[in-house]
Amino acid sequence: MNARELHESIVNNTQVTFSRSGGKGGQNVNKVNTKVHLSLPISFVGGLTDEERERLRLKLSAIINGEDCIFLSVDDERFQEINRKIAFDRLESRIVNALYVPKKRKKTKPTKASKERKLKLKKIRSEIKKSRAKIF
């Protein structure tokens, strides 16, 4: 995945629409279209292999509609341009996070020293508990 190619494909292929937003803004909310809706077809996301596209579909299934488009809405701020910037940043970070593949964990065995330490601590704890017992 090439970050620059990904960014450019997001900016160039995303359909942006605006609507009236609820929330803060007073009477302005009823007059100005500040809410931003982004729609990006997964097939238009550049710089991805078929395997990465499938990973996107799996990880972002909650925000992918029936037309195989990633859909995102933002109405955090009172200004359209700020919401637009937030929306594009959010979309890009979601795609990047979905494409991240964690490293496989290698199973390790406890060392001999750690086993001995554990046994020593268990012995100490055992002695402490034995010393609390009532003597008949």
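Residues numbered from 1 in each chain as written. Predicted model: local features only at pLDDT ≥ 70, side-chain atom pairs only at ≥ 80, totals over all residues. Heavy atoms only, no water.

Moving on, we come to the side chain of R53. On the secondary structure map, R53 appears in helix 2 (residues 50-59). Looking at R53, its side chain comes within polar contact range of the main-chain oxygen of L48, at 3.5 Å. Setting aside residues up to four positions removed in sequence, R53 forms contacts with I42, S43, V45 and L48. (Helix = DSSP H or I, 4+ residues; strand = E, 2+ residues; numbered from the N terminus. Polar contact = N/O pair within 3.5 Å; in protein donor to acceptor, adjacent residues only side chain to side chain. Contact = heavy atoms within 4.5 Å.)

Glancing now at the pattern of salt bridges. Per the counting criterion, the structure on display carries five salt bridges. For D68, the salt bridge goes to R57, with nearest N and O atoms at 2.9 Å. Of this pair, D68 sits in the loop between helix 2 and strand 3 (69-74) while R57 sits in helix 2, placing them 11 residues apart in sequence. Since its relative accessible area comes to 26%, D68 is described here as partly exposed. Here R57 falls in the partly exposed class, since its relative accessible area comes to 27%. Overlapping salt bridges bring together E54, R57 and D68 as one network. (Salt bridge = Lys/Arg side-chain N within 4 Å of Asp/Glu carboxyl O. Buried < 20%, exposed > 50% of the residue type's maximum accessible area, 1.4 Å probe, protein only.)

A separate point is helix 4 (residues 112-132). Since there are 3.6 residues in each turn of an α-helix, residues three or four apart along the chain are aligned in direction. The end-to-end C-alpha distance of helix 4, which contains 21 residues, comes to 31 Å, matching closely the 30 Å that a straight helix rising 1.5 Å per residue would cover. Little of helix 4 sits out of view: just zero of its 21 residues are buried. (Expected span 1.5 Å × (residues − 1).)

All right, on to the side chain of S9 then. Structurally, S9 can be placed in helix 1 (residues 3-13). On the basis of relative accessibility, which here comes to 7%, the residue S9 falls in the buried class. One polar contact links the side chain of S9 to the main-chain carbonyl oxygen of L6, over a distance of 2.9 Å. Sequence-distant contacts of S9, that is, excluding residues within four places in its chain, are made with T14, L40, F44, V45 and G46.

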